[in-house]
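So the chains spell out like this:
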Amino acid sequence: MVIETSRPVAQVARELGLVEGTLVNWVNAYRREHAGEEPPLTVDERARLREQERELRELRQKVAFLEKVAAYFAKDPR
């Protein structure tokens, strides 16, 4: 279901009553074993992937900044 329909692992795991981590392991094992069978990404999929990777980098930077700010204010009570 995850591979054929591109649905999120979390959603499929909930529907099947499985632990998400278990399903992730199964999907990863399947993809390793069938790596040559999956079609290459389309131009739109590649663009979407690049955009999501950029957004993830930005969000990680923001989280790191906010963690530093929170630590600073936690040490310096006013």
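Thresholds applied
- For every chain, the first residue of its written sequence is number 1, and the numbers climb from 1 along that sequence.
- Thresholds applied to this predicted model are a pLDDT of at least 70 for local features of residues and 80 or more for the giving and counting of side-chain atom pairs; totals over whole chains, interfaces and linings are not thresholded and use all residues.
- Hydrogens are left out, water is left out, and the side-chain values use all remaining heavy atoms of the structure.
- Interaxial angle, 0 to 180 degrees, is taken between N-to-C directions of lines fitted to C-alpha atoms, where a helix line uses only the stretch in contact.
- Only DSSP runs of H or I reaching four residues or more are called helices, and only runs of E reaching two or more are called strands; each is numbered from the N terminus.
- Left-handed describes a crossing whose near helix is turned anticlockwise from the far helix through less than a right angle; right-handed describes the clockwise counterpart.
- Residues count as neighbours in contact if any of their non-hydrogen atoms are within 4.5 Å of one another.
- Throughout, the ten residues Ala, Val, Leu, Ile, Met, Phe, Trp, Tyr, Cys and Pro are labelled nonpolar, Asp, Glu, Lys and Arg are labelled charged, and all others, Gly among them, are labelled polar.
- The pLDDT value expresses, per residue, how confident the predictor is, ranging between 0 and 100.
- Relative accessible area decides the class of each residue, using a 1.4 Å probe on protein chains only: under 20% of the type maximum gives buried, over 50% gives exposed, and in between gives partly exposed.
- Arc definition: it is the arc formed by the directions from the helix axis to the C-beta atoms.

## Side note on the packing of helix α2 (residues 9-16) against helix α3 (residues 20-33)
It is the contact of α2 with α3, at a shortest axis distance of 9 Å, that shows an interaxial angle of 115°. α2 and α3 meet at a crossing whose hand is right-handed. Here V9, A10, V12 and A13 of α2 lie close against α3, whose contacting residues are E20, L23 and V24. The residue inventory of the contact of α2 with α3, partitioned by class, reads six nonpolar, no polar and one charged.

## Topic: the confidence of the model for the chain
In this model, the chain carries an average pLDDT of 90, and 96% of its residues clear a pLDDT of 70 or more. Per-element confidence in the chain ranges from a low mean pLDDT of 85 for helix α1 (residues 2-5) to a high of 94 for helix α4 (residues 43-75).

## Considerations on α2
Among the residues of α2, V9, V12 and A13 are the ones counted as buried. Each buried residue of α2 lies within a common arc of 100° when the element is viewed along its axis, so the set occupies one face. On the buried face of α2, the contacting elements are α1 and α3. With its phi angle positive at about 70°, G17 sits one or two positions after the end of α2.

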